[in-house]
Amino acid sequence: MNQERLLKVLVAPVISEKSTMVAEKLNQACFVVVPDANKAEVKAAVELLFKVQVKSVQILNLKGKQKRFGRFMGKRNDVRKAYVTLAQGQEINFAQEVK
């Protein structure tokens, strides 16, 4: 796979109450990914960027909610998430300082 493409696959980590619980219980990390990413690209990108072994990847699409903006109806953007299960003993720490 193209290394340039792999650097663009992961958009951001998801830091929420649910993702923290999943990280502790199931040894998973959650990421927002580009809309056309597949499981193989996500796996390769996580292994390249974080130097960890990935056991499996689950991808889900969240449809944007309909919201009212003043007197107009609008729609939030659709989001594609990836839940990455890490191998036993592997860990990703998002709170550590980047040098």
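These numbers come from a predicted model, not from an experiment.

Undergrad: Lay out unusual backbone geometry in plain terms, naming residues and giving numbers.
TA: Even without glycine at this site, Asn27 takes up a positive phi of about 55°. Secondary-structure assignment places Asn27 in the loop between α2 (17–26) and β2 (28–33). In this structure Asn27 comes out as partly exposed when scored by relative accessible area, which is 23%. If you check the backbone angles, Lys51 has positive phi at about 55° while not being a glycine. Residue placement: Lys51 occurs in the loop between α3 (39–50) and β3 (54–62). The exposure class assigned to Lys51 is exposed, which follows from its relative accessible area of 65%.

Undergrad: How would you sum up the nonpolar core? Please name residues and give values.
TA: Grouped together as the largest cluster of nonpolar side chains are 18 residues, with contacts concentrated most on Leu10, Phe31, Val33, Val42, Val46, Val84 and Ile92. Breaking this core down by element, the ones donating at least two residues are α1 (3–9), β2, α3, β3 and β6 (79–86). Setting aside chain neighbours within four positions, we find Ile92 in contact with Ala29, Phe31, Val46, Phe50, Val52 and Leu86.

Undergrad: Just give me the short version of the layout of surface pockets, but keep the residues and values in it.
TA: Computed from the structure, the largest pocket encloses a volume of approximately 290 Å³. Surrounding the largest pocket, 16 residues form its lining, Ser19, Ala23, Gln28, Ile92 and Phe94 being those nearest its centre. Of all the secondary-structure elements, those providing two or more residues to the lining of the largest pocket are α2 and β2. Here the residues of the lining of the largest pocket are counted per class, giving 9 nonpolar, 5 polar and 2 charged.

Undergrad: Give a description of α3 that names residues and reports values.
TA: Its 12 residues place the ends of α3 16 Å apart at the C-alpha level, agreeing with the 16 Å of an ideal helix rising 1.5 Å per residue. Within the sequence span of α3, burial applies to Glu41, Val42, Ala45 and Val46. Seen along its axis, α3 keeps its buried residues to an arc of 130°; they face one direction. Buried residues along α3 sit against α1, β1 (10–13), β2, β3 and β6. One side-chain oxygen at the N-terminal end of α3 lies 3.3 Å from the backbone nitrogen of Ala40; it belongs to Asn38. Two residues or fewer after α3 comes Lys51, characterised by a positive phi angle close to 55°.

Undergrad: How would you sum up the pattern of salt bridges? Please name residues and give values.
TA: Counted according to the given criterion, the structure contains 3 salt bridges. Of the charged contacts in the structure, one is a salt bridge between Arg5 and Asp36, with a shortest N-O distance of 3.3 Å. Of this pair, Arg5 sits in helix α1 while Asp36 sits in the loop between β2 and α3, placing them 31 residues apart in sequence. By relative accessible area, which is 53% here, Asp36 ends up exposed.

Quick notes on the rules
- Residues numbered from 1 in each chain as written.
- Predicted model: local features only at pLDDT ≥ 70, side-chain atom pairs only at ≥ 80, totals over all residues.
- Heavy atoms only, no water.
- Helix = DSSP H or I, 4+ residues; strand = E, 2+ residues; numbered from the N terminus.
- Buried < 20%, exposed > 50% of the residue type's maximum accessible area, 1.4 Å probe, protein only.
- Core = buried A, V, L, I, M, F, W, Y, C linked by side-chain atoms within 4.5 Å.
- Contact = heavy atoms within 4.5 Å.
- 1 Å grid on protein atoms, 1.4 Å probe; cavity = no way out; pocket = protein on both sides within 12 Å on 5 of 7 lines; lining within 4 Å.
- Points joined across faces, edges and corners; volume = space filled by probe spheres on them.
- Nonpolar A, V, L, I, M, F, W, Y, C, P; charged D, E, K, R; others polar.
- Expected span 1.5 Å × (residues − 1).
- Arc of directions from axis to C-beta.
- Polar contact = N/O pair within 3.5 Å; in protein donor to acceptor, adjacent residues only side chain to side chain.
- Salt bridge = Lys/Arg side-chain N within 4 Å of Asp/Glu carboxyl O.

So, to be careful, I would describe these as geometric facts and stop short of saying anything about function.
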